[in-house]
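Coordinates in review
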Protein chains: 2
Amino acid sequence: MVEHARVSAVETRILAAAVRLFAEQGFDGTSVQEIVEEAEVTKGALYHYFDSKNDLLFEIYHSLLSRQLADLDRILGEGLPPREAVQALIAELLDTTTECIDEVKVYVREMHKLDQARMHAIKADRRRYHVTFREFVESAQRAGDFSTVASAETVTLLLFGMINDIPQWYRPQGPKAPSEIAAEVSAFLLAALDPALQLR
Amino acid sequence: MVEHARVSAVETRILAAAVRLFAEQGFDGTSVQEIVEEAEVTKGALYHYFDSKNDLLFEIYHSLLSRQLADLDRILGEGLPPREAVQALIAELLDTTTECIDEVKVYVREMHKLDQARMHAIKADRRRYHVTFREFVESAQRAGDFSTVASAETVTLLLFGMINDIPQWYRPQGPKAPSEIAAEVSAFLLAALDPALQLR
DNA sequence: CCCTAGAAACCGACCGGTCGGTATGTCCCT
DNA sequence: AGGGACATACCGACCGGTCGGTTTCTAGGG
């Protein structure tokens, strides 16, 4: 007998189909009928597990953000020196982004399609992520480990801009592996934040 | 008597309404009926000037890209030293991005909704922009003006990622003016590309 | 300067089809 | 026998696009 599944196989298949189609065609461009055909379930099954089409979008966001928040807390909790923490964080972000490329595409493009109640829940998570990282940068700037060439707020916004745009150009069969991209992004960001430049 | 208008006022109003609504609700989330109501014209007028709803999207992209390509060519054509060229270019990009914030939002989010023929035309423009900038970076790297901490290709992708993400967080009433943001972005990018770091 | 005739600009009712969501039925496990 | 897990049939609203018709503009002959 299998373990009691906390989420049913049907539920998982529906979410996987939804994220694939939303990434390819957009939220409004995908009909519920297409989702149930891709998942090989019926419409009744979908509305048994989810309140609405919008609920699917929320679940996609929620699981992605939960994973990213957990990664952030874990890495910052290790107490590494700032430069190494940044390298670890970017490596982890590249892993997540390339592994969940459809989820990130949907996250970036279809955020504004969430209804107001679900939007607030997601924005709270995103804000916590943003503030946590910004405070980490501020702290390293005060300690002299990072330059203040740009404010911590701007550095945070620019970094997430770069990361979130990756699904637009990254291709799994492309010339660069995720770890190589992570190394270049880390090198780029750490060069920009190198305190030695300011002291010249 | 007014000059002969090359584009009619009706045509302009339709495009302005379309870009506003596409930015707010997405392409598929906006009906043609909503566009004609916002523009205070009739459906007949819209289909007199445009082939289809998709044609509206193409016109929005085409005018934005034409402007950005012209700006890029003009600035690189001035023959400024690389660091000053980057500053001028980012200042211009910030101007365009903050002035055409709805256009850029649509550009980033709804690109994949273009039909195949129009998509190819837009991709050709975008590729030219990308290649032109990458070759500029490569050339400055060979001359020793920019570091090779990240490849010219990656620098190009990361910069446009940062820029294109700006409409997600920039607010006209926000604390920072476009010129202040441009200064921070320039400082950040030029710090990352400073050749002095490599020589230590 | 006016009249006319064709072209361009514009109107809005209408169409076939698709949408997200629901109501109700059936099966099977406990 | 009762309830969770689905299946099926169906609804009214709305979609992008069309089309025959009307108004407005403009060029040129008298």
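Here the structure is shown first, and the text comes after it.
Scoring rules and cut-offs
- Residues numbered from 1 in each chain as written.
- Chains lettered and ligands numbered in written order.
- Predicted model: local features only at pLDDT ≥ 70, side-chain atom pairs only at ≥ 80, totals over all residues.
- Heavy atoms only, no water.
- Helix = DSSP H or I, 4+ residues; strand = E, 2+ residues; numbered from the N terminus.
- Buried < 20%, exposed > 50% of the residue type's maximum accessible area, 1.4 Å probe, protein only.
- Least-squares fit on C-alpha atoms with pLDDT ≥ 70 in both.
- Contact = heavy atoms within 4.5 Å.
- Salt bridge = Lys/Arg side-chain N within 4 Å of Asp/Glu carboxyl O.
- Polar contact = N/O pair within 3.5 Å; in protein donor to acceptor, adjacent residues only side chain to side chain.
- Axes fitted to C-alpha atoms, helices over the stretch in contact; angles between N-to-C directions.
- Left-handed = near helix turned anticlockwise from the far one by under 90°.
- Nonpolar A, V, L, I, M, F, W, Y, C, P; charged D, E, K, R; others polar.
- Phe/Tyr/Trp six-rings, centres within 6.5 Å; stacked < 30°, edge-to-face > 60°.
- Lys NZ or Arg CZ within 6 Å of the ring centre and 35° of its normal.
- Arc of directions from axis to C-beta.
- Expected span 1.5 Å × (residues − 1).
- Near = heavy atom within 4 Å.

**Looking at the overall build of chain A**
Within chain A one finds ten helices and zero strands. Secondary structure elements of chain A occur, N-terminal to C-terminal, as α-α-α-α-α-α-α-α-α-α. Along the first, second and third principal axes, the C-alpha set of chain A runs to 65 × 40 × 40 Å. A buried classification covers 50% of the 200 residues belonging to chain A.

**Side note on the relation of the copies chain A and chain B**
Relating one copy of the chain to the other takes a rotation about an axis and a shift parallel to that axis. When chain A is fitted to chain B, the best match, at an RMSD of 0.1 Å, comes from turning it 180° and sliding it 0.0 Å along the axis. The two molecules are tied by a two-fold rotation axis, judged by turn and shift. Distance from the rotation axis, computed per C-alpha, reaches its smallest value in chain A at A192(A): 1.9 Å. Interface overlap between copies: 100% of the residues of chain A at the interface are likewise at the interface in chain B, consistent with a symmetric, same-surface contact.

**Examining unusual backbone geometry**
All names here are of chain A. In this structure, E40 takes a positive phi of about 55° despite not being glycine. Tracing the backbone through its elements, the reader meets E40 in the loop between α2 (32–39) and α3 (43–49). Given the relative accessible area of 67%, E40 is considered exposed.

**Points about the pattern of salt bridges**
All names here are of chain A. Taken as a whole and assessed by the stated rule, the structure comprises 29 salt bridges over all chains. As a salt-bridge pair, R67 and E99 come within 3.4 Å of each other at their nearest N and O atoms. Of this pair, R67 sits in helix α4 (residues 53–77) while E99 sits in helix α5 (residues 82–99); the two residues are 32 residues apart in sequence, bridging distant segments of the chain. The partly exposed category is assigned to R67, whose relative accessible area is 27%. The salt bridge involving E184 is made with K176; its shortest N-O contact spans 3.0 Å. For E184, a relative accessible area of 12% puts it in the buried group. Three or more residues are tied together by salt bridges with common partners; here these are D51, D55, D115 and R118.

**Some points on the interface of chain A and chain B**
With 32 residues of chain A at the contact, the number on the chain B side is 33 residues. Our count for the contact surface shared by chain A and chain B stands at zero salt bridges. On inspection of chain A and its partner chain B, the count reaches twelve residue pairs in polar contact (both at pLDDT 80 or more). The dominant element in the side of chain A that touches chain B, judged by the number of residues it contributes, is helix α8 (residues 152–169) of chain A, at nine residues.

**Some words on the packing of helix α5 (residues 82–99) of chain B against helix α8 (residues 152–165) of chain B**
Residues and elements named next belong to chain B. For the pair α5 and α8, interaxial distance at closest approach is 10 Å and the crossing angle is 35°. When the axes of α5 and α8 are compared, the crossing they make is right-handed. In this structure, α5 uses I90, L93, L94 and T97 to contact α8, whose residues at the interface are L159, F160 and I163. A per-class count over the contact of α5 with α8 returns six nonpolar, one polar and no charged.

**Quick look at the environment of M111(B)**
Residue and element names in this part refer to chain B. Here M111 shows up in the loop between α6 (101–110) and α7 (116–142). With 54 residues separating them along the chain, M111 and L57 place their C-alpha atoms 8.6 Å apart. Sequence-distant contacts of M111, that is, excluding residues within four places in its chain, are made with Y61, V106, M119, I122 and R126.

**Here we look at the packing of aromatic side chains**
Residues and elements named next belong to chain A. Overall, the coordinates contain 13 aromatic pairs over all chains when judged by the stated rule. By way of ring pairs, the aromatic residues Y129, F133, F136, F146 and F160 are connected into one cluster. When the ring centre of F27 is taken as origin, the NZ or CZ atom of K53, which lies over that ring, is 4.5 Å away.

**Digging into helix α2 (residues 32–39) of chain B**
Residue and element names in this part refer to chain B. Those residues of α2 that sit buried are V32, I35, V36 and A39. Taken down its axis, α2 places every buried residue within 95° of arc, on the same side. The first or second residue beyond α2 is E40, which carries a positive phi of 55°.

**Brief notes about the environment of V106(B)**
All names here are of chain B. Relative to the elements of secondary structure, V106 occurs in helix α6. Classification of V106 as buried rests on a relative accessible area of 1%. Each C-alpha atom of the pair V106 and V36 lies 18 Å from the other, and the pair is 70 residues apart in sequence. Here V106 is in contact with V19, F22, A23, L57, Y61 and M111, once residues within four sequence places are set aside.

**So, α8(A)**
Taking 1.5 Å per residue, 18 residues should reach 26 Å; α8(A) reaches 26 Å between its end C-alpha atoms and fits that length. Judged by how many residues are buried, α8(A) sits mostly within the fold: 14 of 18 residues are covered.

**Observations concerning the protein's contact with DNA strand C**
Around DNA strand C lies a shell of 13 residues, among which V32(A), K43(A), K53(A), T42(B) and Y49(B) are the nearest. A breakdown of the atoms of DNA strand C within 4 Å of the protein gives sugar and phosphate a share of 61%. With respect to DNA strand C, the backbone of V32(A) contributes an N or O atom lying 2.7 Å from a phosphate oxygen. Between DNA strand C and H48(B) there is a distance of 3.0 Å, counted from a phosphate oxygen to a side-chain nitrogen or oxygen. Elements with a contribution of two residues or more to the surface near DNA strand C: α3 of chain A together with α3 (43–49) of chain B. Examining the composition of the surface near DNA strand C, we find that four residues originate from one element, α3(B), more than from any other.

Everything listed here is a matter of coordinates, which is why it stays silent on function.
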